[in-house]
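Architecture at a glance
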Amino acid sequence: MKLNKIRFQLAVLLVLCMSHVVAFAQSDPSGESAVTSTYALTNATVVTAPGSQLTNATVVVKNGLIMGVGSNVSIPADAQVIDASGLYVYAAFIDGMSNTGAERPDNPERPRDLFTPDPPNDYAGITPERSVVDQLSIENSAITQMREAGFGISNAAPYGRMLPGSTSLIMLKDADHVDELVLEKDNALYAQWVGAPGAYPGNILGMMAKWRNLYTNAVNDKSHADMFAENPSGLPRPTNDRVSMAFYPVLTKDKSVMFDVDGMLEVRRAMRLQGDLGFKLIVAGVEQSWTLIDELKSTNTPIFLSLDLPKEPKNAKEGDDISEEVEALEARRMEFYNLHVGQAAELEKAGIKFGFSAKGIRGGDLKKNLTTMIEHGLSEDAALAALTTNAADILGISQIAGTVQTGKVANLMVTSAPYFTKDSQVRYMFVDGEKYEYEKKEAKKGGNSSADASGDALAGTWNYSFESPQGVSEGTFVFSKIDGGYTGVMTFNDGQPDSDLRDVSFRNGELSFNLEFDAGGQSIVLNVTGAVTGSTFDGTITVDQFDFSTPISATKDGK
């Protein structure tokens, strides 16, 4: 009798175990879930923070968190142990501002009966009530590219015009739904000096005036709403104006305004607006800060410096017969280049805390540009701080990210050597506790790119043609494949300077990229999208500033 009872209990236990296995299999039909979410990196050199490291240390990751760091850390029985001898563990990098994860929406159509002095908010680009979360896509290739470059968090900004919505902090991980990416929704109100094409506010003076008007309206609307909430008797019901309401957390300083401003004049205009209105300001994507150091320091304005660097000018070869004018021009170009690549070092010398913005730069170029800044005076500790602790402080997430410490989110980068050494490679990434492993790449001989990569559908030279308001424009696109991604250059047959292509994305035959050039002192951005079929490309060029679009076609050079 006793034996039968034991057998019965064992049978019940077996059924329960089998039910658990079946339930697990049903919840993961793909079979791709990790065997464990617990990991132990042993025998590693752990850079816990800039300037601080442990040797022969262990890092334990469990349930998305760092559960232990040190030389005497207990390893859970269910942990996957990774021997990290010779490897270096860092906090994963934090991108201060980019469009990572976001897909560019269609431009709003110009209304037929448009009243240009007062266009609809949607056309004017005044939609602060919106969120970048509505533009996020789990299939956006930039998420993977940024993660492979060592980034675990990005402050994603929405596409649009003057006030397109709010940024959100996202985890750069694989996900089944956009909500799984979001670390903090609507953390800053995103602003930029991009006017409405052919309508108010279409220029910088109009945008500054409109900003003041919107801010003043929000102050008045909030004051009325607060009084009504305290004692509604005798007061008309407040108007629920969604634009004004989007400013309320800015008025109370619970939310910063992040201005995407690259040039010195643009930064100064944002700082002047902040000085007059009093909101919390972050300037991001800054490319020219070397004359702003005193102002940034005196106002304690947080700044995310752009990681997008200009190409080093090519001087005339010795013995070339050039005029004094050309020689002077080359000297000015080199002077500008040195100022640009040396500005991070100048910010460090001035004691200004700064982070980095990855907007407009391909993941494969990030380390190269960081190395260039270090070669021009930026210390490695300051560079690492800009990528980790400074960025976390500015974005208000230092309690959960930016360092390798017990209790923080398990966002880790594991490299084959100290990160800033030439041949170091990312071997593992942990984002939100999820592991991504990368094969060690052999050093490439004779360069690491090819403009005519054999068998690649995009790499090579393409001859384009499109109709512009000035007539037919022709030239070439030259695409190169580097480290799994693409870079490109656009040349012009009419003698204009070459332009680097940005945000090149090529997936399932769909190609998109953009480029920026100067047109008489105004920055113009061309957005190109289309499809590649064999050796032909058919697409569209759009210019948001002027609500202009035109077809473009290109043919791949078979030589």
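This text goes with the structure placed above it.
Every value quoted in this text rests on a predicted model; they were computed, and no experiment measured them. (Residues numbered from 1 in each chain as written. Predicted model: local features only at pLDDT ≥ 70, side-chain atom pairs only at ≥ 80, totals over all residues. Heavy atoms only, no water.)

1. With respect to the overall build of the protein
Along its length, the protein carries 11 helices and 24 strands. Here the protein, with 559 residues, has 47% of them falling under the buried criterion. The contacts in the protein between residues at least 6 apart in sequence include a share of 61% that link residues at least 24 apart. Per element, the accessible surface of the protein, about 28100 Å² overall, is 49% carbon and sulfur. (Helix = DSSP H or I, 4+ residues; strand = E, 2+ residues; numbered from the N terminus. Buried < 20%, exposed > 50% of the residue type's maximum accessible area, 1.4 Å probe, protein only. Contact = heavy atoms within 4.5 Å. Areas by Shrake-Rupley, 256 points an atom, 1.4 Å probe, with all protein chains shown as cover.)

2. Focus on the environment of Ser-85
Here Ser-85 is to be found in the loop between strand 4 (80-83) and strand 5 (88-91). Among the residues examined, Ser-85 registers a relative accessible area of 44% and is labelled partly exposed. Put simply, Ser-85 and Thr-45 are 40 residues apart on the chain and 7.9 Å apart in space, counted from C-alpha to C-alpha. There is a polar contact of 2.6 Å between the side chain of Ser-85 and the side chain of Asp-83. (Polar contact = N/O pair within 3.5 Å; in protein donor to acceptor, adjacent residues only side chain to side chain.)

3. Here we look at the packing of aromatic side chains
For the structure shown, the criterion picks out 18 aromatic pairs. Relative to Phe-336, the ring of Trp-290 lies with its centre 5.6 Å away and its plane at 80°, an arrangement referred to as edge-to-face. Here the residue Trp-290 occupies a position in the loop between strand 11 (281-286) and helix 7 (293-299), and Phe-336 occupies one in helix 8 (residues 324-349), the gap between them amounting to 46 residues. Take Trp-290: its relative accessible area is 16%, and that puts it in the buried class. Assessed through its relative accessible area of 36%, Phe-336 is described here as partly exposed. Taking the centre distance of 5.8 Å and the plane angle of 65° together, the rings of Phe-479 and Phe-513 count as edge-to-face. Separated by 34 residues along the polypeptide, Phe-479 in strand 18 (residues 471-482) and Phe-513 in strand 21 (residues 510-519) bring together distant segments of the chain. As far as burial versus exposure is concerned, Phe-479 and Phe-513 are alike and both buried. The residue whose ring lies beneath Arg-161 is Tyr-123, and the NZ or CZ to ring-centre distance is 5.2 Å. (Phe/Tyr/Trp six-rings, centres within 6.5 Å; stacked < 30°, edge-to-face > 60°. Lys NZ or Arg CZ within 6 Å of the ring centre and 35° of its normal.)

4. Details of the packing of helix 4 (residues 204-230) against helix 6 (residues 264-277)
The contact between helix 4 and helix 6 brings their axes to 11 Å, and the two run at 25°. Taken together, the axes of helix 4 and helix 6 lie roughly parallel to each other. For the pair helix 4 and helix 6, the crossing hand works out as right-handed. Here helix 4 contributes Ile-204, Met-208, Trp-211, Arg-212 and Tyr-215 to the contact with helix 6, which in turn contributes Arg-269, Arg-272, Leu-273, Asp-276 and Leu-277. Tallied by class, the residues present in the contact of helix 4 with helix 6 amount to six nonpolar, no polar and four charged. (Axes fitted to C-alpha atoms, helices over the stretch in contact; angles between N-to-C directions. Parallel < 35°, antiparallel > 145°, perpendicular 65-115°, else oblique. Left-handed = near helix turned anticlockwise from the far one by under 90°. Nonpolar A, V, L, I, M, F, W, Y, C, P; charged D, E, K, R; others polar.)

5. Focus: the nonpolar core
Within the largest apolar cluster, 107 residues are counted, with the highest numbers of intra-cluster contacts made by Trp-211, Phe-259 and Phe-356. Among the nonpolar cores identified, the runner-up in size contains 23 residues, and Phe-477, Leu-501, Ile-524 and Ile-541 belong to it. (Core = buried A, V, L, I, M, F, W, Y, C linked by side-chain atoms within 4.5 Å.)

6. Side note on the pattern of salt bridges
Summed over all chains, the structure comprises 16 salt bridges. Note that Lys-353 is salt-bridged to Asp-393, the shortest N-O span being 3.2 Å. Of this pair, Lys-353 sits in the loop between helix 8 and strand 13 (354-357) while Asp-393 sits in helix 11 (residues 389-395), and the two are 40 residues apart along the sequence. Note on Asp-393: relative accessible area 38%, which makes it partly exposed. Linked through salt bridges whose partners overlap, the residues forming this network are Lys-173, Asp-432 and Glu-434. (Salt bridge = Lys/Arg side-chain N within 4 Å of Asp/Glu carboxyl O.)

7. Remarks on helix 4
Here helix 4 is 27 residues long and its end C-alpha atoms lie 39 Å apart, about the 39 Å a rise of 1.5 Å per residue gives. At the N-terminal boundary of helix 4, the capping side chain belongs to Asn-203, with an oxygen 3.3 Å from the backbone nitrogen of Leu-205. (Expected span 1.5 Å × (residues − 1).)

8. Some details on the sheet that holds strand 12 (residues 303-306)
Strand order in the open sheet formed by eight strands is 6-7-8-9-10-11-12-13, with mixed pairing between adjacent strands. Since the sheet does not close on itself, it has two edges, and those belong to strand 6 (93-98) and strand 13, each with one partner. For this sheet, the mean inter-axis angle between neighbouring strands, taken without regard to orientation, is 30°. Two elements, strand 8 (residues 165-171) and strand 9 (residues 182-192), share five bridges in a ladder whose sense is antiparallel. What sits directly across from Thr-167, in strand 9, is Ala-188. Against the sheet, helix 6 touches strand 10 (256-260) and strand 11, its axis set at about 175° to strand 11. (Pairing = 2+ DSSP bridges.)

9. Details of the pairing of strand 17 (residues 460-468)
The side chains of a regular strand alternate, residue by residue, between the two faces of the sheet. Strand direction decides the pairing type here: strand 17 and strand 18, joined by nine bridges, are antiparallel. Its bridge partner lying in strand 18, Asn-463 is registered against Thr-476. Where strand 17 meets strand 24 (residues 548-556), five bridges bridge the pair, whose relative direction is antiparallel. Bridge pairing links Ser-465 to Ser-553 in strand 24.

10. As for helix 3 (residues 141-148)
By the burial criterion, the buried members of helix 3 are Ile-143, Met-146 and Arg-147. Mapping the buried residues of helix 3 onto a view down its axis gives an arc of 100°, with all of them on the same face. In this structure, the buried residues of helix 3 make contact with strand 6, strand 7 (151-156), helix 9 (366-375), strand 15 (426-431) and strand 16 (434-437). Where helix 3 starts, the residue carrying a side-chain oxygen 3.0 Å from the main-chain nitrogen of Ala-142 turns out to be Asn-140. (Arc of directions from axis to C-beta.)

11. Structural notes on the packing of helix 4 against helix 5 (residues 242-251)
Direction vectors running N to C along helix 4 and helix 5 enclose 85°, while the axes themselves pass 8 Å from each other. Overall, the two elements helix 4 and helix 5 adopt an arrangement that is roughly perpendicular. The segment helix 4 lies against helix 5, with Trp-211, Leu-214, Tyr-215, Asn-217, Ala-218, Val-219, Asp-221, Lys-222 and Ala-225 engaging Val-243, Ser-244, Phe-247, Tyr-248, Val-250 and Leu-251. Residue composition of the contact of helix 4 with helix 5, by class: 11 nonpolar, two polar and two charged.

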